[in-house]
Amino acid sequence: MATEAPAHGGYLDILRAPHAARLLAGTLVGRLPNGTGPIAMTLFVRDQGGSYTLAGGLIAAYGVSNAIGQPLLGRAVDLKGQPRVQLPAAVLSAVGMALFAFVGIGHLALAYAAVVLAGLFTPPLEGGLRALWPSVLGREDRVHRAYALDAVAQEVMFTVGPLLVTLLVAVRSPAAALLVINVLGVLGALAVVLSEPSRTWRSATREAHWLGALRSPGLLALLGSFFFVGLALGSITVAAVAYADDRGTPSVYGWLMAALGLGALVGGTVYGARPWAGAPERRLRVLVLLLALCYLPLMLTPGPVAMTGLSVLSGVFLAPVLACAFIVVDRHAPRGTVTEAFSWLVTTFGVGAALGSAVAGPAVELSGTVAGFAVAGVGGLVALLVLLATGRVLTAPGTPGDTGRHAVGEVVPTAVHTEKNAH
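Residues numbered from 1 in each chain as written. Predicted model: local features only at pLDDT ≥ 70, side-chain atom pairs only at ≥ 80, totals over all residues. Heavy atoms only, no water.

> Tell me what's going on with empty space enclosed by the protein, and back it up with residues and numbers.
Per the stated rule, a full pass over the model turns up five cavities of 30 Å³ or more. Estimated volume of the largest cavity: approximately 80 Å³. Taken together, G30, P33, N34, Y62, A90, S93, A94, T122, P123, N182, G185 and V186 form the lining of the largest cavity. Here the second largest cavity defines a volume of roughly 70 Å³. As for the second largest cavity, its lining consists of R31, N34, N66, Q70, T122, P123, L125, E126 and V346. Looking at the lining of the second largest cavity, the elements that each hand over two or more residues are α4 (52-80) and α7 (125-137). Looking at the lining of the second largest cavity, its residues break down into three nonpolar, four polar and two charged. (1 Å grid on protein atoms, 1.4 Å probe; cavity = no way out; pocket = protein on both sides within 12 Å on 5 of 7 lines; lining within 4 Å. Points joined across faces, edges and corners; volume = space filled by probe spheres on them. Helix = DSSP H or I, 4+ residues; strand = E, 2+ residues; numbered from the N terminus. Nonpolar A, V, L, I, M, F, W, Y, C, P; charged D, E, K, R; others polar.)

> Any details on the environment of V136? Residues and values, ideally.
Within the secondary structure, V136 is located in helix α7. The class of V136 is buried, set by a relative accessible area of 14%. Placed 122 residues apart in sequence, V136 and I14 show a C-alpha to C-alpha distance of 9.4 Å. Dropping the residues within four chain positions of it, V136 is found in contact with P18, A20, L23 and P197. (Buried < 20%, exposed > 50% of the residue type's maximum accessible area, 1.4 Å probe, protein only. Contact = heavy atoms within 4.5 Å.)

Now the structure itself:
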């Protein structure tokens, strides 16, 4: 499946490209508010004397509004360009969270309105970065490696972000953590939109259609599969809490989540260090199968040391699955909708994770911790079944004039970066 990596390849080759390190770092910092939002909001609500139920309700409102806003803002980016959408959205999202920090939970209607504002205007920086990679890196193999680097960097953010929130809470307060994280988010977005690639990037001309990216059957198939990948991951979060409670050691939960992140880091690093031959759609099916198989041993629920090892194993194929999915999205997104398409992937994954958490809770209460981890295994297997059942629409990236790969960018004579409609 793999071909030998060229001597000049590797992640350093990506980071040495002009603007690449700035774009990656800016995007990660810009996404901190979204990545750390649930934990920061929970700590803030508890500090205000609110219940976990209230915290969950506010987080759900934030998550739902985020899921609605991401594809809409992604479509706006494709139509209007990145600076005109990303920066105003980042500012409005930060204003919403700052309002929440100042109002607190004393006025619930206003608190809910504030978090909805913050979620709805979370800038689609993740999809925006993937749209920029072709114009920054040029060669298709470098773009694919950048997708893997992107997936690995996400794991770093989801590891470092909560630690930063915890530090800010310890040094100052949960309200200060909310404010600082969101100020950093605006600065990250600013670093991205002021860069030349972001300022000059333009989406390819798109066909006017109210469905936008969703008119691609291949993209719909991928989104259907990734809904269940997200469900599996979300259920592991709840099942891990139940496992820690069963063992009477709350700190075990942190170790399990860190181990899962470590596995994803290792898997993503190895996967992205070499090029891969063959159709990415076929490779994705293999990776999702391996991901599902690695979730199943969690149902053994052995002692903490062995369970930590199984958690590492369960994360190994997560980053490779994400990196490969980015390539598939790139191939199936209708012309001129690449940012929106990536945003739909983020939304679908997030909604699936939220549902996975909701399903795993009752499963644990009714049948115990093993049932919570069983939800993850079932989610992974259903994700594979969706890919197998939709194999025909995933085989052909599209039809001429409608869809095509955006993996390699081109620069038009006016020096404006655009996507290449290669079939």
